Structures are given as C-alpha cells and as structure tokens.
Amino acid sequence: WYKMLADNSEKKLWAYTSGNWAQRMDAKFISKIKDINNFEGVKYSTSNIVDLQEVSLLQDENFQVISAVIKTFFSALSLGLNASTSIEGMLFYDHINSIYECFKNNDLKGALKLQNFLNTELLTYPSPAAKDNFLRSSEIKYILFKNNIIYSDDVSLYYRKLNVSE
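Report on the accompanying structure.

Reading the values: rules and limits
Residues numbered from 1 in each chain as written. Predicted model: local features only at pLDDT ≥ 70, side-chain atom pairs only at ≥ 80, totals over all residues. Heavy atoms only, no water. Core = buried A, V, L, I, M, F, W, Y, C linked by side-chain atoms within 4.5 Å. Buried < 20%, exposed > 50% of the residue type's maximum accessible area, 1.4 Å probe, protein only. Helix = DSSP H or I, 4+ residues; strand = E, 2+ residues; numbered from the N terminus. Contact = heavy atoms within 4.5 Å. Pairing = 2+ DSSP bridges. Axes fitted to C-alpha atoms, helices over the stretch in contact; angles between N-to-C directions.

Comments concerning the nonpolar core
Next, step 1: If you look at the biggest cluster of nonpolar residues, it comprises 19 residues, and the most contacted ones within it are Ile 30, Phe 39, Val 42, Tyr 44, Val 55 and Val 65.
Next, step 2: Of all the elements in the fold, those that place two or more residues in this core are helix H1 (2-7), strand E1 (13-18), helix H2 (27-34), strand E2 (39-45) and helix H3 (49-56).
Next, step 3: Those residues in contact with Val 55 that lie beyond four places of it in its chain are Asp 26, Ala 27, Ile 30, Val 42, Tyr 44 and Val 65.
Next, step 4: Counting residues in hydrophobic clusters, the runner-up holds 14 residues, among them Phe 92, Cys 102, Leu 118 and Tyr 125.

Here it is, written out as structure tokens:
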C-alpha cells in the first residue's frame, strides 16, 4: 500500500515507524520503501540502536533517516544521521543543541557528557501520568503552559491531562 499511496500522491512522502506502537520495520522493509519513487525518508523511532544503525545505512542524497528517541541522540549522530526529533526538545532545546554543537565541533567527550547528563538528570523529572500516556506530553505541555510559552495545556484525546495532585 506504500507504493499505491506514492503512485497517487503529488507530494513527496515520508514513512514513520515507532518501536513502541507499530509493527517492527527492519532495514529490509525500509529498503523496499526507499525504492518507491515518492519516498524521501523515514522517521525511525526506536531505542534499539542496532536496528537504527542498519536503517541508517540506507540514507543517501535522496533518502533521509531521522531518529526520534532523544536518549539515543549522541548515538544517532555517531551513526551519521543528520536529524532527530523529540518531544523533549520543547523543554531541553538548549541542552540538546549543545550536544549537537559539541558533536559537530568534534568534541565527542563533551557531547557524550552532555548526553549522559540529559539521560540521567534532565529526563528524570517526575512523570505521574506516564503510566497512562507513555510519552510525557501532558507534563511537557503543563510546564510550557505554566511558563507562558503556550496558551493551553490541553492534549489530544489519546493522552490525559494532569490532575490536580500531579
């Protein structure tokens, strides 16, 4: 159905897979998507660095692979990925960008130190709703709302808002 979608789209397309919610798409499967004429890339969201490495080998000037698990950002950069996305980027953009800048400037020790701090300190903030929401969307939106960065802490129907005690 990917080919059918591409054949009927005037726009360029991207595939997306999540190691948490979707059926596993290995490098062999992604390679087939890459061979379809309208696909420009894949957002490959997994904490499985072995799978990410295999898929990263598929990127070239016509097909991009981006990661989406911020705890593996340093590893993703080391694999040659040029982009990553993360909900945590809304809270920790400066820190995440510092990891990127260190990496780009070949300060690998500095980048790794910053990544470890992100993983072991910054990303350990309380997440009472995570058992229901999985992602920290409610917590992040609440923090952004309280800091007057966004107008509402509403979340999509898939998630639940924080309650008063949280």
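Considering the sheet that holds E2
Next, step 1: An order of E1-E2-E3 is seen for the 3 strands of this open sheet, with the pairing classed as parallel. The sheet is open, and its two borders are formed by E1 and strand E3 (64-67), each paired with just one other strand. Put simply, the sheet's adjacent strands are angled 20° from each other on average, direction ignored.
Next, step 2: Both E1 and E2 contribute to a ladder of 6 bridges, which runs parallel. Residue pairing across strands places Tyr 16 opposite Lys 43, the latter belonging to E2.
Next, step 3: Helix-sheet contacts for H3 involve E2 and E3, and the interaxial angle to E2 is about 170°.

Thoughts on the environment of Leu 13
Next, step 1: With respect to the helices and strands, the residue Leu 13 is situated in strand E1.
Next, step 2: When its relative accessible area of 15% is taken as the criterion, Leu 13 is described as buried.
Next, step 3: Taking C-alpha positions, Leu 13 is 8.9 Å from Val 42, a pair spaced 29 residues apart along the chain.
Next, step 4: Other than its neighbours up to four places away in sequence, Leu 13 contacts Leu 5, Ala 6, Asn 38, Phe 39, Glu 40 and Gly 41.

Side note on unusual backbone geometry
Next, step 1: In this structure, Asn 106 is a non-glycine residue whose phi angle is positive, near 65°.
Next, step 2: As for its placement among the helices and strands, Asn 106 is situated in the loop between helix H5 (89-104) and helix H6 (108-120).
Next, step 3: Residues other than glycine seldom take positive phi values, yet Asn 148 does so here, at roughly 55°.
Next, step 4: Mapped onto the elements of the fold, Asn 148 is located in the segment after helix H8 (137-146).

Shape is all these values report; function is a separate question.
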